[in-house]
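Results of the structural survey
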Amino acid sequence: MNYLPIFLDVKGKKCLVVGGGDVSFRKTSLLVQAGALVTIVSPEIDAAFASLQGISHIPERFKPSHLDGFLLVIAATDEEATNELVSKEAKLRNIPVNVVDNPGLCTFIVPSILDRSPIVVAFSSGGASPVLIRMLRGKLETMIPHAYSQLAAFSARFRASVKTHITNPAKRRIFWENVFEGPIAEKVFSGDETAAESMLQAMIESESRGEQTSTGEVFLVGAGPGDPDLLTFKALRLMQKADVVLYDNLVSKPILEMTRRDAERIFVGKMRGNHTLPQEGINDLLVRLALEGKRVLRLKGGDPFIFGRGGEEIEKLAEHKINFQVVPGITAASGVSTYAGIPLTHRDYAQSCVFVTGHLKDNSMDLDWEMLARPKQTIVVYMGLQGLEMLCAQLIKHGLPENTPAAIVQQGTTPQQRVICGNLATLPGNPEIKTLQAPTLIIIGGVVSLRKKLAWFIPGH
Ligand code: SAH
């Protein structure tokens, strides 16, 4: 280790920055954020400095006497000789000095940081590879939710009380691990600190009575249309936290593989000739697993609340007072249309867009055809393949021109994506339709004609 990492308390302390350009501005901002009283020595300074609180400016060239009384100094000028002078004079006075981008002249370096105050993670390669550090920082940035700030502040409020009630240090550690991994943390993340607080109080009480506490909860997570890159950070975080995963046909294999390695995986989808759980059974299973104290991930294709029956699942959880959260996902209409090169709205072609289900009930489709056949509107049909012929015929019957562009997309956003285009009159008769593999999405409206112009920029083209 070439440097000793330390965190310095500069609150209310005098720090000196030499130089008045943009590099100096960045370092000054950092010091100000940490509560330092900053003085800038430079004949001129950038206008941007006016936005910083509590700084003072000495409009002179640097001279050694400027260093008197300062806790530390940062040199950020573009004059090598000045930087060297600052370094030499600071060292003589035992004042810690940093010269930006010149480790040889420094007695301390300023790490790259990831700020989730009060949690701060500092990174440094000791000047060896700043780019590598930036990449690493970027990776961690996506893994540490911003809400960890709130979580750390929340736990600070209860540290003393927990220490009084749970005196055994090993038990206390496990207690906090349960808090940070369980539903209390999730409540804090979603901004409901009142609920988090009463849950924590209850946990402290049962812990001091020596009882086991159940921490079961359910995550109803939208996994998007198939491409794992379309997952949200929140979805990924909860996927890696779950003990049990309930998934169905719409969840792609690469996404399923991103769930925690040792999590139990239960298939609850429908397959031809295979008896799987009806919806009631899924609802009950979610409840049972959560009551066993498990963290249950219900992974859904697309968005859980768009033709996903997510509402029914959480109703049952609410009845049993089980903690749950719902994470929206990119719905098929949005993800699939984009990857197919079809914008859902466009100034010239569509000012509105409707999502409907084309699911056949007793061989008919119960849809508001007048509303659907309006001009300048895009219609996205989920679960519509079986009823495609009926759908197109009804739309023509209710006034949409036969040549209204229409497309059907197979397994959108995945490597198996296929797009067949036509219009209301020609699409149902296209022989290729018979070869399509589920899931498929139908898009109808003028916007489909834009595909020719736009498809070149689409991933996979
Ligand atoms: N909750 C899901 C939809 C569930 S209904 C969502 O928000 O996307 C299932 C239907 O979604 C399928 O029949 C199909 O019409 C559509 N769908 C889902 N993923 C798809 C994909 N990758 N490509 C094409 N259609 C898809």
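Everything here concerns the structure above.
First, a word on what this report is: a plain description of the structure on this page. (Residues numbered from 1 in each chain as written. Predicted model: local features only at pLDDT ≥ 70, side-chain atom pairs only at ≥ 80, totals over all residues. Heavy atoms only, no water.)

Details of the site of the ligand
Near the ligand there are 18 residues, and of these Pro-225, Asp-303, Ile-306, Thr-331 and Thr-440 occur at the shortest range. One of the backbone nitrogen or oxygen atoms of Pro-225 is found 2.8 Å away from a nitrogen atom of the ligand. A distance of 2.9 Å is found between an oxygen atom of the ligand and a backbone nitrogen or oxygen belonging to Ala-332. When the ligand sits alone it has 540 Å² of accessible area, and the protein chains cover 92% of it. Among the elements of the structure, helix 12 (332-339) and strand 17 (440-444) are those that each provide at least two residues to the shell around the ligand. Counting residues domain by domain, the shell around the ligand receives three or more from each of domain 3 (217-330) and domain 4 (333-457). (Near = heavy atom within 4 Å. Polar contact = N/O pair within 3.5 Å; in protein donor to acceptor, adjacent residues only side chain to side chain. Areas by Shrake-Rupley, 256 points an atom, 1.4 Å probe, with all protein chains shown as cover. Helix = DSSP H or I, 4+ residues; strand = E, 2+ residues; numbered from the N terminus. Domains from an automatic or database assignment.)

A look at the environment of Gly-293
As for its placement among the helices and strands, Gly-293 is situated in the loop between helix 10 (279-291) and strand 11 (295-300). For Gly-293 and Lys-452, which are 159 residues apart along the polypeptide, the C-alpha to C-alpha distance reads 52 Å.

A short note on the sheet that holds strand 1 (residues 14-18)
A sheet is described by the order of its strands in space; here five strands give the open sequence 3-2-1-4-5, paired in parallel fashion. Of all the strands in the sheet, the pair left with one neighbour each is strand 3 (55-58) and strand 5 (97-99). Sheet twist, expressed as the average angle between the axes of neighbouring strands with direction ignored, equals 20°. In the packing of helix 2 (residues 80-92) onto the sheet, the strands contacted are strand 1, strand 4 (72-75) and strand 5, and the crossing angle to strand 5 comes to about 165°. (Pairing = 2+ DSSP bridges. Axes fitted to C-alpha atoms, helices over the stretch in contact; angles between N-to-C directions. Contact = heavy atoms within 4.5 Å.)

Things to note about the pattern of salt bridges
Tallied over the full model, the rule gives 27 salt bridges. Glu-89 serves as the salt-bridge partner of Arg-93, at 2.7 Å between the closest nitrogen and oxygen. Note on Arg-93: relative accessible area 33%, which makes it partly exposed. Residue Glu-89 is classed as buried on the basis of its relative accessible area of 12%. Where Arg-116 meets Glu-141, a salt bridge forms, and the shortest distance between an N and an O atom there is 3.1 Å. With a gap of 25 residues between them, Arg-116 in strand 6 (residues 112-116) and Glu-141 in helix 3 (residues 130-143) connect regions that are remote in the sequence. Judged by its relative accessible area of 26%, Glu-141 falls in the partly exposed class. Salt bridges sharing common partners tie together Glu-181, Asp-243, Arg-260, Asp-262 and Arg-295. (Salt bridge = Lys/Arg side-chain N within 4 Å of Asp/Glu carboxyl O. Buried < 20%, exposed > 50% of the residue type's maximum accessible area, 1.4 Å probe, protein only.)

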